[in-house]
Amino acid sequence: MNVYDSQRMADILSPFGYALTEEPEQADIAILNTCHIREKAEQKVHSDLGRLRSHKVASVANGRNMIIAVGGCVGQAEGEEIIRQAPYVDMVFGPQTYHRLPEMLANVMRNSDKKRGPGRGVVDTEFPTEVKFDFLPETTESRSSAYVSVQEGCDKFCTFCVVPYTRGAEYSRPVESIVKEVKHLVKLGAMEITLLGQNVNAYHGEAPASSHAASKVWGLSQLIHELAEIDGLERIRYTTSHPRDMGQDLIDAHGAVPKLMPFLHLPVQSGSDRILEAMNRKHSADDYLKVIERLRKSCPEIAFSSDFIVGFPGETDEDHKNTLKLINDVNYAQAYSFKYSIRPGTPAGLMDKQVPESVKSERLQELQELVNTQQLAFNKNTVGTTQKVLLDRTGKFEGQLIGRTAFMQSVYVLESKHLFGQMVDVKIESGYANSISGVIPSDKCLQLTA
Ligand code: SAH
Ligand code: SF4
């Protein structure tokens, strides 16, 4: 979601003459779009700020200024405190106020004076009544795989999580505004769209005016069916989902909509019912496994990924074993796993029986070894098959491109530079821990280069 938000910030600033640069020391304005989800992400902000400070000092010495801004969830959570600790920061804002960037920038400029150096900082961490999406200009950036935020915020209050406090209450964009944005992105060349939300499958947006359905609110499955009608759009994905909101209509969509990719990121966090309850997830391990089973029934080839937290307060060896058991039961194509870290203001931070770091590290290693084995097996399983791959990134080597299969595997192909941004068939030759590689059948290459 931060990738999407960063792009939108660039879109807002572009009419004012700003363009993206690859060289931070050249920037007139540097925006750190930050993440507060885990302690490590937050620490990174402070070290990055130190680096930007030296660029700013050099800039000012050369008679220019560099405006430094902290946006995103660290901005939201820490607000004024950031400027108190780092007075060279000019601007702090949260994820719900970035549409006001031009106004904030004008205020910073009014406050500052080159001769006196930086001026008073501007802080805007409100949760405004207006909706930022209504103020964002259309993007001009063309990408073959693009993100679209459809839902933001969260009302679930898992006890470990800061999202409800930093992103605010749940909000779903109206269907019409999403369809308009997706059509625009497809016109610019997007073939794949990933619908984003902290709880994307809790989506419940205002139905289009033309809808004859009795309900004036559409769920995610209706939105997906509508988007699947758009010519030129070939792939639809959505992330991140909560197991509790995986309704039968959405499960059925996986079997009914060919454009909906057979891959789902469905975080479970733990396989222990005791821990799931303490996390306030409001479902059991068995409920989760049943959802997985129903999804496999609807779309037999579907592959899964998940998020796991190890070392949640009170987690015992037995709880950890239950998580490993769940991983064995599901058999994931990939997964993200994290050591629990205390987040300010969250109930779990105040719980007894915090787990020692050394135990968290051991459990994380054990869990990751298991997931890696499953991921390697999944990747090796595709060897010898032909996969449709959307080549949307360049690799390290001359002529190398990287893309994704329908199952979200990263695929490396050589001699393919001319196919950037295209969907091609790739014959998979090797499977590794984190990726696969293959070749594009030569007749296709000849066809496209002829
Ligand atoms: N809405 C998604 C999760 C979004 S946060 C869901 O409900 O599953 C992304 C991931 O960060 C979470 O799934 C969780 O695994 C991890 N995470 C969140 N808070 C954390 C914390 N305090 N410590 C460690 N990991 C955390
Ligand atoms: Fe955080 Fe996800 Fe729980 Fe919401 S549902 S509180 S975003 S982990």
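Look up a bit, the structure's there.
Quantities reported herein were computed from a predicted structural model and do not represent experimental measurements.

Enquirer: Explanation requested: the sheet that holds strand β5 (residues 145–149) in the structure shown.
Expert: If you trace the three strands from one edge of the open sheet to the other, you get β5-β8-β11, paired in parallel fashion. Two strands lie at the open edges of the sheet, namely β5 and β11 (235–239), each paired on one side alone. Looking at each pair of strands side by side, their axes are set apart by 25 degrees on average, direction ignored. The pairing of strand β8 (residues 192–196) with β11 spans five bridges and is classified as parallel. Bridge pairing in β11 links E192 to R235.

Enquirer: Just to check I follow, could you spell out the site of ligand 2 for this structure?
Expert: The local shell around ligand 2 consists of C154, K156, F157, C158, F160, C161, V163, P164, N199, H242 and R281. The class makeup of the residues in the shell around ligand 2 is seven nonpolar, two polar and two charged.

Enquirer: Help me understand the site of ligand 1 in this model?
Expert: Near ligand 1, the surroundings consist of 16 residues, among which R38, Q198, Q269, D307 and S341 are the closest. At 3.0 Å, a side-chain N or O of R281 approaches an oxygen atom of ligand 1. Between S341 and ligand 1, the recorded distance is 2.8 Å, taken from a backbone N or O atom to a nitrogen atom. If ligand 1 stood free it would expose 550 Å²; the protein chains cover 90% of that surface. Residue assignment for the shell around ligand 1 shows that the elements contributing at least two residues are β13 (303–310) and β14 (334–339). Tallied by class, the residues present in the shell around ligand 1 amount to six nonpolar, five polar and five charged.

Enquirer: How should the nonpolar core be read in this particular structure?
Expert: One broad rule of soluble globular proteins: the nonpolar side chains tend to lie buried together. With 54 residues, the main nonpolar core has L195 and Y238 as its most contacted residues. By residue number, the principal contributor to this core is helix α7 (residues 175–187), which donates six residues. Grouped together as the second largest cluster of nonpolar side chains are 18 residues, M9, I29, A69 and M91 included.

Enquirer: Please clarify how the packing of aromatic side chains should be interpreted in this entry.
Expert: Between two aromatic rings, the relevant description is the distance of the centres plus the angle of the planes. In the structure shown here, the tally under the stated rule is six aromatic pairs. Taking 5.6 Å as the distance between ring centres and 70 degrees as the angle between the ring planes, the aromatic pair formed by F312 and Y340 counts as edge-to-face. Taken together, the residues span a long stretch of sequence, with F312 in the loop between β13 and α12 (317–330) and Y340 in the loop between β14 and α13 (357–381) at a distance of 28 residues. Like Y340, F312 is buried.

What counts, and where the lines are drawn
Residues numbered from 1 in each chain as written. Chains lettered and ligands numbered in written order. Predicted model: local features only at pLDDT ≥ 70, side-chain atom pairs only at ≥ 80, totals over all residues. Heavy atoms only, no water. Pairing = 2+ DSSP bridges. Helix = DSSP H or I, 4+ residues; strand = E, 2+ residues; numbered from the N terminus. Axes fitted to C-alpha atoms, helices over the stretch in contact; angles between N-to-C directions. Near = heavy atom within 4 Å. Nonpolar A, V, L, I, M, F, W, Y, C, P; charged D, E, K, R; others polar. Polar contact = N/O pair within 3.5 Å; in protein donor to acceptor, adjacent residues only side chain to side chain. Areas by Shrake-Rupley, 256 points an atom, 1.4 Å probe, with all protein chains shown as cover. Core = buried A, V, L, I, M, F, W, Y, C linked by side-chain atoms within 4.5 Å. Buried < 20%, exposed > 50% of the residue type's maximum accessible area, 1.4 Å probe, protein only. Phe/Tyr/Trp six-rings, centres within 6.5 Å; stacked < 30°, edge-to-face > 60°.

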